[in-house]
Amino acid sequence: MQTIRSIKGMQAASRKLARQGKGIGLVPTMGYLHEGHLALIRRAKKAADVVVVSIFVNPAQFAPNEDFKRYPRDEKGDMRKIKSAGGDIVFIPRTNDIYPDDFQTYVTVEKLTKKLEGKSRPTHFRGVTTVVAKLFNIIRPDVAVFGMKDYQQAVVLRQMMRDLGYPIKFIVAPTVREKDGLAMSSRNRYFDDIGRWEAVCLYYALRTAREMVKGGVDDPKLVKREMTAVIRSNCPSAQVDYIAFTEFWTLTSVRKIDRNTVCSLAVRVHDVRLIDNMRLC
Ligand code: AMP
């Protein structure tokens, strides 16, 4: 496994692979890797000859009041995990190389980013699309793999790829969960025991929603009411930011839940903002 830290080094490695006719798969991450990330790497390995995993805690996608400074980092552990999952190249660019002092060009997806997460995190997706575009330009992957865990991010990035004409195959891989159902996330390490215990409320709410829909309920309002109650009973201090029912690729709110509907939610649990989502039928 190769570690590359400079943009020039990464560009040279990509050019060489392209000359050899090798397909490049990219898995962008912010590090502190868990099984969810490793599943993406394994998925990329199936679709490409060589898998590049980028590790970059992207300051542009954090608002000033968010956790950029304390975001967990573990480069050595990450390297070991990437190797075990079959990654070939780890690209770890320096912040100053991605965002030099006079940096001033951003990529913005206009409409999709105003919905759901965009309401509480208005500058977040601009940071995501900008850094992913930059990674695409440097690495020139043939395939890129993202997690359904960050549903809106996947939708926004797909839009960016279409709008800007990137010739990249776009794969969204399913969410990997802990045994109790909590979606794996680097941020789960912020919890103490009680917080971790109560964090499963998002999954319980989604599971309740799925059961209701299987039982014939298709009214988002009814399902939302029940989900809110489940969250309250499992985590009394939880603050629900949103519970939404949207059409998969457009993020348009639906009046009736059907197979193309994604239920997504954001909840603050013991001061950690968690997101999760599920298709309900
Ligand atoms: P992050 O390091 O949190 O920026 O995530 C990097 C990639 O891993 C994104 O495409 C995420 O959607 C994906 N990811 C994060 N958590 C999970 C999970 N539990 N299961 C599957 N993919 C995930």
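A quick note: this is a predicted structure, and the numbers were derived from the prediction, not measured.

How each quantity is defined
- Residues numbered from 1 in each chain as written.
- Predicted model: local features only at pLDDT ≥ 70, side-chain atom pairs only at ≥ 80, totals over all residues.
- Heavy atoms only, no water.
- Helix = DSSP H or I, 4+ residues; strand = E, 2+ residues; numbered from the N terminus.
- Rg over C-alpha atoms; globule rule 2.2 N^0.38 Å.
- Buried < 20%, exposed > 50% of the residue type's maximum accessible area, 1.4 Å probe, protein only.
- Contact = heavy atoms within 4.5 Å.
- Pairing = 2+ DSSP bridges.
- Axes fitted to C-alpha atoms, helices over the stretch in contact; angles between N-to-C directions.
- Disulfide = S-S within 2.5 Å.
- Expected span 1.5 Å × (residues − 1).
- Arc of directions from axis to C-beta.
- Domains from an automatic or database assignment.
- Buried area = accessible area lost by both parts, 1.4 Å probe.
- Salt bridge = Lys/Arg side-chain N within 4 Å of Asp/Glu carboxyl O.
- Polar contact = N/O pair within 3.5 Å; in protein donor to acceptor, adjacent residues only side chain to side chain.

**Student:** Is there a simple way to think about the overall build of the chain in this case?
**Tutor:** Counting its secondary structure elements, the chain contains ten helices and nine strands. At 19 Å, the chain has a C-alpha radius of gyration in line with the 19 Å of a compact globule built from 281 residues. Taken over the C-alpha atoms alone, the chain extends approximately 55 × 40 × 40 Å along its principal axes. Residues classed as buried in the chain amount to 53% of the 281 residues present. Within the chain, counting contacts between residues at least 6 apart in sequence, those at least 24 apart form 74% of the total.

**Student:** Quick question: what am I supposed to make of the sheet that holds strand β6 (residues 169–173) here?
**Tutor:** Strands in a sheet are paired, the pairing made by backbone hydrogen bonds, and the direction either parallel or antiparallel. Strands sit in the order β1-β4-β3-β2-β5-β6 across an open sheet of six strands; the sheet is parallel. Two strands close off the open sheet at either side, each with one partner strand: β1 (2–4) and β6. The mean inter-strand angle of the sheet, taken between neighbouring strand axes irrespective of direction, is 25°. Pairing between strand β3 (residues 50–55) and strand β4 (residues 89–91): three bridges, direction parallel. Among the inter-strand pairings, S54 is bridged to a residue of β4, identified as F91. Set on the sheet, helix α1 (residues 7–19) makes contact with β1, β2 (24–29), β3 and β4; between it and β4 the angle comes to about 150°.

**Student:** So what exactly am I meant to see when it comes to the sheet that holds strand β9 (residues 272–279) here?
**Tutor:** In space, the three strands of this open sheet follow the order β7-β8-β9, with antiparallel pairing throughout. Strands at the two margins of the open sheet, each flanked by one partner only, are β7 (239–247) and β9. Direction aside, the axes of adjacent strands within the sheet are offset by 15° on average. As paired elements, β7 and strand β8 (residues 261–269) share eight bridges and run antiparallel to each other. By the bridge assignment for β8, T246 is matched with V262. Sheet strands touched by helix α9 (residues 201–214): β8 and β9. Its angle to β9, the strand with the most contacts, is close to 20°. Along the sheet, helix α10 (residues 220–234) contacts β7 and β8; its crossing angle with β7, the most-contacted strand, is approximately 150°.

**Student:** Explain the state of the cysteines here, please?
**Tutor:** Cysteine pairs can be covalently joined through their sulfur atoms, and such a bond is termed a disulfide. Taken as a whole and judged by the stated rule, the model has zero disulfides. Unpaired in this structure, C235 has its nearest cysteine sulfur neighbour in C201, at a distance of 4.8 Å. Residue classification places C235 among the buried residues on the basis of a relative accessible area of 0%.

**Student:** What should I look at first to understand α1 in this one?
**Tutor:** Its 13 residues place the ends of α1 18 Å apart at the C-alpha level, agreeing with the 18 Å of an ideal helix rising 1.5 Å per residue. I7, M10, A13, S14 and L17 are the residues of α1 that are buried. Down the axis, α1 shows its buried residues gathered within 130° of arc, on one side only. Seen from the buried face of α1, the exposed residues on the opposite side, beyond 90 degrees, are K8, R15 and R19. Tucked into the core, α1 has its buried residues touching β1, β2, β3, β4, α4 (95–98) and α6 (124–139).

**Student:** Any chance you could explain the domain arrangement of the chain here in plain terms?
**Tutor:** Reports often express the size of an interface as the amount of accessible area lost when the parts come together. Structurally, the chain comprises domain 1 (2–173) and domain 2 (186–279). One C-alpha centre belongs to domain 1, the other to domain 2; they are set 26 Å apart. Summed over both partners, the interface of domain 1 with domain 2 comes to about 2,100 Å²; 55% of that surface belongs to carbon and sulfur atoms. Looking only at domain 1, the three residues that lose the most surface to domain 2 are L116, E117 and Y151, adding up to 28% of its buried area. Between the two partners, domain 1 and domain 2, sit two salt bridges. The salt bridge partner of E117 is R273, with a shortest N-O separation of 2.8 Å. Scanning the region where domain 1 abuts domain 2 turns up 15 residue pairs in polar contact (both at pLDDT 80 or more).

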